[in-house]
Amino acid sequence: MAFTRKRQREQQLQLYSRERFSLLLLNLEEYYFEQHTAHHIQHKGSQKERKIRGSLKICSKSVIFEPDAISQPIIKIPLRDCIKIGKHGENEANRHFAKTVSGAISLIFSQVYFIKEHNIVAPYKIERGMMEYVFELDVSGKVEDVVETLLQLHRASCLDKLGDQTAMITAILQSRLARTSFDKNRFQSVSEKLHMECKAEMVTPLVTNPGHACVTDTTLYFQPLNGYPKPVVQIMLQDIRRIYKRRHGLMPLGLEVFCTEDDLCSDIYLKFYERQDRDDLYFYIATYLEHHVPERTAEGYTLQWQRGLLSNYQYLLHLNSLADRSCSDLSQYPVFPWVISDYSSSELDLSNPETFRDLSKPVGALNQERLERLLTRYQEMPEPRFMYGSHYSSPGYVLFYLVRIAPEYMLCLQNGRFDNADRMFNSIAETWKNCLDGATDFKELIPEFYGDDVSFLVNSLKLDLGKRQGGQLVNDVELPPWARSPEDFLQKSRAALESEHVSEHLHEWIDLVFGYKQQGRDAVGAHNVFHPLTYEGGVDLNSIEDPDEKVAMLTQILEFGQTPRQLFVTPHPRRITPKFKSLSQPSSYNASTADSPVSPGEESFEDLTEESRTLAWSNIARLEPQEQHRIHKEAVTGIAVSRNGSSIFTTSQDSTLKMFSKESRMLQRSISFSNMALSSCLLLPGDATVISSSWDNNIYFYSIAFGRRQDTLMGHDDAVSKICWHDNRLYSASWDSTVKVWSGVPAEMPCARKQHFELLAELEHDVSVDTISLNAAGTLLASGTKEGTVTIWDLTTATLLHQIPCHEGTVGDSAFSPDSRHVLSTGADSHLNVIDVQTGMLISSLTADEPQRCFLWDGNSVVSGSQSGELLVWDLLGGRVSKRIQGHAGAVTCMWMNEQCSNVITGGEDRQIMFWKLQY
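Conventions used here
Residues numbered from 1 in each chain as written. Predicted model: local features only at pLDDT ≥ 70, side-chain atom pairs only at ≥ 80, totals over all residues. Heavy atoms only, no water. Pairing = 2+ DSSP bridges. Helix = DSSP H or I, 4+ residues; strand = E, 2+ residues; numbered from the N terminus. Axes fitted to C-alpha atoms, helices over the stretch in contact; angles between N-to-C directions. Patch = residues over 30% accessible without salt bridge, like charges linked within 9 Å, V, L, I, M, F, W, Y side chains within 5 Å. Areas by Shrake-Rupley, 256 points an atom, 1.4 Å probe, with all protein chains shown as cover. Salt bridge = Lys/Arg side-chain N within 4 Å of Asp/Glu carboxyl O. Lys, Arg positive; Asp, Glu negative; His and termini not counted. Charge placed at Lys NZ, Arg CZ, Asp CG, Glu CD. Buried < 20%, exposed > 50% of the residue type's maximum accessible area, 1.4 Å probe, protein only. Polar contact = N/O pair within 3.5 Å; in protein donor to acceptor, adjacent residues only side chain to side chain. Expected span 1.5 Å × (residues − 1). Arc of directions from axis to C-beta. Contact = heavy atoms within 4.5 Å.

### A few points about the sheet that holds strand S22 (residues 699–703)
Right, so step 1: Pairing within the open sheet is antiparallel, and its 4 strands lie in the order S20-S21-S22-S23. At either end of the open sheet lies a strand with only one pairing partner, and these are strand S20 (678–683) and strand S23 (708–713). Across this sheet, the average inter-strand angle for adjacent strands is 25 degrees, counted without regard to direction.
Right, so step 2: In this structure, strand S21 (residues 689–694) lies alongside S22, joined through 5 bridges in antiparallel fashion. Each residue of the ladder has a partner; that of serine 692, found in S22, is tyrosine 700.

Structure (structure tokens):
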């Protein structure tokens, strides 16, 4: 699982350096600066004198000596415990010895740790008392510099206030970074171009490693200041699949890079000292990465999960990643729910609801008696109040579960000790019981419980984790009776997570952890209130001037645990299955027509019988191309056809409106209103006037009879993207973030120049509006924006009904179903989304292999025009593409269908219009 893979990668790097030493031997928030080849001289000046060769590591709070021989323990001397540091032989007493030991450093101290003797991971051994160790450097000329560095770091360690210590060490670190830069000899090619270099730290669980990050036109590099665990880490930009801006220590300073699509384990996690550096590096990677995959939104994954394209497990992984959870940061490790509550039965019955935990409640609220005690304390508590004194996810809880595969992390977190044997992760059932009954235990689970790696449940390293009060050794985790083996336990746990019951209720847990019940009144009502410091924005570290308070606050934040970044501010939708019965069953629509602008009884196609219309759409896959004509110099943007079908009007990005005769197959007119692109067109009832919208902010009215422009409506402050007409009302969408509703008719004579339009309503949006559509009755309008939001408006009152952020990128097209009950939208993210008009709920999402630029639909089937030029026929009930029809040489940009649903005209980026006909 995630942590196992992370640890394996670190071990591979460690093999590169052939060291037993790791950064986990340092204290939390400690830095490793430099290393020197040296000898530890034992029993100096006596006949038993012995030299042990190894490496002397200079760290910000300690001196560590790693012997080459693994039978010898690693020595760690805290600088705060040092009494004297100097060049050996400087005083009179040691003058004789100084003649025989050149380049030696003497440390006199009161406490020393012995670690990993015989390379065995075990609690640190401590020796106390006055001692002197002498280390002889191979390069004697460096002794004075090393002594000076140690004395400087010793002064920092001995300062009374922790904040002063941190400030002095930070100054030393920044000074070292300022004196160095990235070694450009490490570039893979001499032709690489450097785009950016900055100071940063590489983040791994519990520790960070300072150095220099840089990005070229081909590669992302990180060079550790200390050269550990390797001289340089490099990632080819073409291999990167995902990059995320991260919150580290509640500060927006992190950047995580993935070379895989779905793995929770990243390839590198960097923390920057300046937010601008982080943002700039992110920009350069995104800019110069040819195969870069943009960051995805939570809603984008929600659509896939609802539709069944993502499992519950995969969806939770994605939500964790989007909420700043990372296996590189134990204070923000991915969090998963307990879903099973039965750990005593011999068989696990996933068809029984009693088998499962109540996902609508946080762990702390599952036991009513305990909750009542906590609420009593909460009511009596002064502000800021919180219900739970501990979090559901913290470094300690993560390592509680993972101690058997990550013992060194536990030793690092707990100052060289394992936890008490009776408090270890001994039993699944005991742990669950304590989460239900314990006064301060409210922890959730981690992804490993639903993965396929059982190593965290088995003491395969044969660690000595102590004895329990009953005398039994802490060994493998005790499993529930229904699990025959660790593998069986994980398989059944995963089956429970993916079960129908959990699928129906998982959205309730998401509301608590990632959603609207995470904070505010809804959190109080859900009994889901944790300490303020655990929330994003709970404290502004930059506003704290006292260094001691700031360090203490940061330490508390990192060790106590952090609440995920909030992803949803409204109730999370339930998971749905690919059933669209409501689309074809009007009787299922139980909304009151008196309370809604939707008019189910109105017919969209008044001149047709339902049978003929149904027949046409049931054979829509038999659509075949008849002829094509290139009549424009740029992409076609709009199509309008006279009622008798003889004249086709088209607009284009070449700024022209053209009139094409179907009978003679010849271009009859070409009209240019300005030098800007035209975006859409429509014919007014009576076929006397064509209206065109333009990127020059205007709407033009062209008289077919008089052959000239008869009116201009200057109604917007930016390009007009789409127009619609219904019952003497004009609806115009614009990049100025508005949709405007106009009443009136254009001048009947070309000489009339009076403005005949009255602005009835202005529907304001946050961003550019790229498309609009009306329902058959003209009572509803759906708008789509460049940021992927579909908004449904009640035109009878000019009010917003629903706003649904359901696309990643621009909404390309939208349309109501004939019965006005649903809206279908397509977007640049290749999704086709179906929205329920009455509730605003996204009821399904289908994914194409490329963006669908435009479409036609009858509520059950869809004909869409794709980016590549194909026409795709979709079966919404089956959730699949039933046919692909080759069409244009470029993207299909607009479509028109006659009332009989038997003829289709399409326009494309290849500058052509194509005529299609049903063959049945």
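### Side note on a nonpolar patch on the surface
Right, so step 1: On the surface, Met676, Trp695 and Trp735 cluster together into a nonpolar patch covering about 250 Å² of accessible area.
Right, so step 2: Here tryptophan 735 is to be found in the loop between strand S25 (729–734) and strand S26 (738–743).

### Remarks on a negative patch on the surface
Right, so step 1: A surface patch of negative charge is lined by Asp160, Asp164, Glu545, Asp546 and Glu549.
Right, so step 2: Among the structural elements, glutamate 545 can be located in the loop between helix H14 (520–525) and helix H15 (547–560).
Right, so step 3: Residue classification places glutamate 545 among the exposed positions, given a relative accessible area of 77%.

### Structural notes on the sheet that holds strand S38 (residues 871–875)
The strands that make up a sheet are held in pairs by hydrogen bonds between backbone atoms, and each pair lies either parallel or antiparallel.
Right, so step 1: The strand order S36-S37-S38-S39 describes an open sheet built from 4 strands, whose pairing is antiparallel. Two strands in the sheet have a free side with no partner beyond their single neighbour: strand S36 (852–857) and strand S39 (880–885). Between one strand axis and the next, the sheet turns through 25 degrees on average, direction left out of account.
Right, so step 2: Strand direction decides the pairing type here: strand S37 (residues 861–866) and S38, joined by 5 bridges, are antiparallel. Bridging from a neighbouring strand, glycine 865 pairs with leucine 871 of S38.

### Digging into the side chain of arginine 242
Right, so step 1: On the secondary structure map, arginine 242 appears in strand S12 (residues 242–248).
Right, so step 2: From its side chain, arginine 242 meets the backbone oxygen of threonine 260 in a polar contact 3.1 Å long.

### Examining helix H8 (residues 368–380)
Every α-helical turn comprises 3.6 residues, leaving residues that sit three or four positions apart pointing alike.
Right, so step 1: Between the first and last C-alpha of H8 there are 19 Å, a value that for 13 residues agrees with the 18 Å anticipated at 1.5 Å per step.
Right, so step 2: For H8, the set of buried residues is Arg370, Leu371, Leu374, Leu375 and Tyr378. What you see down the axis of H8 is that its buried residues fit within an arc of 135 degrees, all on one side. Exposed and facing more than 90 degrees away from the buried side of H8 are Glu369, Arg373, Gln379 and Glu380.
Right, so step 3: Taken together, the buried residues of H8 touch helix H11 (428–437) and H14.

### Some words on the pattern of salt bridges
Right, so step 1: In this structure the tally under the stated criterion is 31 salt bridges.
Right, so step 2: The shortest N-O distance in the salt bridge between aspartate 422 and arginine 468 comes to 3.3 Å. Note that aspartate 422 is positioned in the loop between helix H10 (407–413) and H11 and arginine 468 in the loop between H11 and helix H12 (486–497), a separation of 46 residues in sequence.
Right, so step 3: What makes arginine 468 buried here is its relative accessible area of 17%.
Right, so step 4: Taking the shortest distance from any N to any O, the salt bridge between aspartate 488 and lysine 492 comes out at 3.0 Å. Placement of both aspartate 488 and lysine 492 in helix H12 is noted, with a separation of 4 residues, approximately one turn of the helix. Taken as a pair, aspartate 488 and lysine 492 share a single burial class, namely buried.
Right, so step 5: In this structure, a network of salt bridges that share partners links the residues Arg246, Arg247, Glu256, Asp324 and Arg565.

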